[in-house]
Amino acid sequence: MTSSSSGLYGNFGQANYSAAKLGLLGLANTLAIEGKKNNIHCNTIAPVAVSRLTQGIVPEDILKVMQPDYVAPLVLWLCHESCDENGGLFEVGGGWIGKLRWERTLGAIVKQRNQPVSPEAVKANWKKICDFENASKPQGAQDTFGTIIEGLRKIDSDGEVSPNHTSHLASSTTTSEFGGAIGHKFPPTFSAYTELETILYALGVGASIKEPKDFKFIYEGSSDFSCLPTFGVIIAQKALMNEGLTEIPGLSVNIAKMLHGEQYLELYKPLPRAGKFKSEAVLVDILEKGPGLLLLLDVYSYYEKELICYNQFSIFAIGSGGRSGKRTSDKVKGAVAIPSRPPDVVLTDTTSLNQAALYRLSGDWNPVHIDPNFAGAVGFDKPILHGLCTFGFCARHILQQFADNDVSRFKAIKVRFSKPVYSGQTLQIEMWKEGDRIHFQTKVQETGDIVISDAYVDLAPALAILAEIPSEGGELQSTIVFKEIGHLLKDVGHQMVKKVNAVFEWHITKGGNTAVKWTTDLKNGTGKVYEGPAKDSADVTIILSDEDFMNIALGKLDPQKAFFSGKLKARGNIMMGLKLQSIFKAYAKL
């Protein structure tokens, strides 16, 4: 497209010409977005060159160096198949070429707590509004949108803001008009999943065979196979799918203009490795957020009638505001600001180019995450990564860093989504430990943009009960576990004897010497556990320290890894040991 400096900067007496020339730039920018998926690139030049129209106006010596010939090479390059430029704007003339871009000040929030928004407030902040020091360089409409949303959040954190009395949008209508919507219960949804879905989710949030500690999340045969805690959002999200948000009585929202703002997840028990869940969702409140509404949706998920997890989805409905309704609610699971000190831990993890394509297989089929044309239509350069995928990445790293991947310690997580992430970008997770709460924020390393802010994970204290209880075997912690196995056999001993059919003798060591021997007889009768060597010959003899035995019982040490590292020694029919592992893994953390 050929624009002009008159369109870019204006020129006296050329209003019609300037409007048309700047209009071409807007057209070119849209075509660049829409055509990208088909490898159609569109750029704009604003040339300075002489023609017959300028004869007699421009001096002769200028005519010689301002020929159209000096513009043509740029056009040829931009049209060449090897040129990747798309959506660019270039000034060109006389052998010089320069690229233009937008620049934006950091701006100022002119809304103040308990004060009307007024021209006086704009005047008071004018210097800051126009200060280009530390200016940003927006790349698209989504950058503007993200900045405005972040501003709304900052206002909200300072408390309630008075309505703008100078705005024609203000009216006497309040949130009471949503009386029919608040409290609306969505139809119950049912979700069934197997190890396949939990493994697919783990891979979708970056778990990998490259990291040995991830093995328990991606291999169903692992002795301590577990479901990642954040899989709880996958169970819950189904309740909000199928256009349920557009069918709330008394509320009209555009599904295409909805933005996932915040997420809270709380677990009351670790998720089972497979199961069937029932989820019940309710719209608990609606808040006014400038030009939009914030919908608070609570989802309760039950496993066999027991409440296992609770989610709160905070959804922005853009363009549905202007009602001067309430701006705060005691039902909000609030975000918490990060500590004002350097982070204790900083980790990075690079997402795959296929990350969004993989994560969407867990149930979020929104085309904005896969279809370039759809993503472009809503203002993004390309498909964006799911916010809940980034959410899962962060939680996975925190669980590993501070809880050694013990899913029983995961209690809750709260995040605020600030800006989008693109597949292939590197996440930089900054963490602060304060007791059993881990504060964190996440940046895109390539841009420095904060994409998750004011977030935290709550962990349960490390399990120390067994360590605190004295045992009868010379203060050996393992004694408690063997006694618990004895209680367990009263209920499931018959099934175990039928499946295992073997006798195990345990040599528990302390300080390198055998401190006690135990026998688990899963071959005779309904099974039994007793202190001492096997009364009949043992099929398998297992030797390991009291400490390592406890780590295995608590799920902190994989038995196979202990065997190959020499921490666990075995003799006899070693394959029987693997059989025992497969039987007892269903009763982990005895």
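- The protein chain has the name 17-beta-hydroxysteroid dehydrogenase 4 in an unreviewed UniProt entry, where Rousettus aegyptiacus is given as its organism.
- Under Sequence similarities (unreviewed entry), UniProt gives the following word-for-word description of the protein chain: "Belongs to the short-chain dehydrogenases/reductases (SDR) family."
- Of the protein chain, the UniProt comment under Subunit (unreviewed entry) reads exactly: "Homodimer."

1. Considerations on the overall build of the protein chain
Step number 1: Helix and strand content of the protein chain: 18 helices and 18 strands.
Step number 2: Considering only intrachain contacts with a sequence separation of at least 6, the fraction spanning at least 24 residues in the protein chain is 69%.
Step number 3: Counting every atom, the protein chain has about 30,200 Å² of accessible surface; 55% of that belongs to carbon and sulfur.

2. Regarding unusual backbone geometry
Step number 1: Its identity is not glycine, yet Asp 454 carries a phi of approximately 50 degrees, on the positive side.
Step number 2: Tracing the chain through its elements places Asp 454 in strand E13 (residues 450-459).
Step number 3: A relative accessible area of 21% places Asp 454 in the partly exposed class.
Step number 4: For Asn 501, which is not glycine, the phi dihedral falls at a positive 55 degrees.
Step number 5: For Asn 501, a relative accessible area of 42% translates into the label partly exposed.

3. Quick word on the sheet that holds strand E2 (residues 89-93)
Step number 1: Taken in spatial order, the three strands make up an open sheet running E1-E2-E3, and their pairing is mixed. If you trace the sheet from one side to the other, it starts and ends with strand E1 (44-47) and strand E3 (96-100), each paired once. Within this sheet the neighbouring strands show an average axis-to-axis angle of 25 degrees, counted without direction.
Step number 2: Sheet analysis places E2 next to E3, joined by five bridges and oriented antiparallel.

4. As for the packing of helix H15 (residues 478-500) against helix H16 (residues 546-553)
Step number 1: Running from N to C, H15 and H16 point in directions that differ by 45 degrees, and their axes come no closer than 9 Å. As judged from the angle between their axes, H15 and H16 are oblique. Here Ser 478, Val 481 and Phe 482 of H15 lie close against H16, whose contacting residues are Asp 546, Phe 549, Met 550 and Ala 553.
Step number 2: Split into classes, the residues belonging to the contact of H15 with H16 amount to five nonpolar, one polar and one charged.

5. Some remarks on the sheet that holds strand E6 (residues 275-289)
Step number 1: The strand order across the open sheet formed by ten strands is E4-E6-E7-E8-E5-E10-E13-E12-E11-E9, and the pairing between neighbours is antiparallel. Edge positions in the open sheet fall to strand E4 (189-193) and strand E9 (345-350), since each of these has one partner strand only. Looking at each pair of strands side by side, their axes are set apart by 20 degrees on average, direction ignored.
Step number 2: Relative to strand E12 (residues 437-444), strand E11 (residues 426-434) runs antiparallel, the two sharing eight bridges. The partner of Ile 429 across the bridge, within E12, is Thr 442.

6. Structural notes on the pattern of salt bridges
Step number 1: Overall, the coordinates contain 18 salt bridges when judged by the stated rule.
Step number 2: Where Glu 262 meets Lys 414, a salt bridge forms, and the shortest distance between an N and an O atom there is 2.7 Å. In this pair, Glu 262 is assigned in strand E5 (residues 258-267) and Lys 414 in strand E10 (residues 410-417), connecting sequence segments 152 residues apart.
Step number 3: By relative accessible area, which is 0% here, Lys 414 ends up buried.
Step number 4: Linking Glu 434 and Arg 341 is a salt bridge whose minimum nitrogen-to-oxygen distance equals 3.6 Å. Here Glu 434, found in strand E11, pairs with Arg 341, found in the loop between strand E8 (306-318) and E9; they are 93 residues apart in sequence, far enough to count as distant.
Step number 5: Taking the relative accessible area as the measure of exposure, Glu 434 reaches 40% and is therefore partly exposed.
Step number 6: Taking the relative accessible area as the measure of exposure, Arg 341 reaches 31% and is therefore partly exposed.
Step number 7: Among the ionic contacts, a cluster of salt bridges with common partners joins Glu 262, Lys 414, Arg 416 and Asp 454.

Conventions adopted
- Residues numbered from 1 in each chain as written.
- Predicted model: local features only at pLDDT ≥ 70, side-chain atom pairs only at ≥ 80, totals over all residues.
- Heavy atoms only, no water.
- UniProt positions renumbered as here; feature names shortened; annotations may be inferred.
- Helix = DSSP H or I, 4+ residues; strand = E, 2+ residues; numbered from the N terminus.
- Contact = heavy atoms within 4.5 Å.
- Areas by Shrake-Rupley, 256 points an atom, 1.4 Å probe, with all protein chains shown as cover.
- Buried < 20%, exposed > 50% of the residue type's maximum accessible area, 1.4 Å probe, protein only.
- Pairing = 2+ DSSP bridges.
- Axes fitted to C-alpha atoms, helices over the stretch in contact; angles between N-to-C directions.
- Parallel < 35°, antiparallel > 145°, perpendicular 65-115°, else oblique.
- Nonpolar A, V, L, I, M, F, W, Y, C, P; charged D, E, K, R; others polar.
- Salt bridge = Lys/Arg side-chain N within 4 Å of Asp/Glu carboxyl O.

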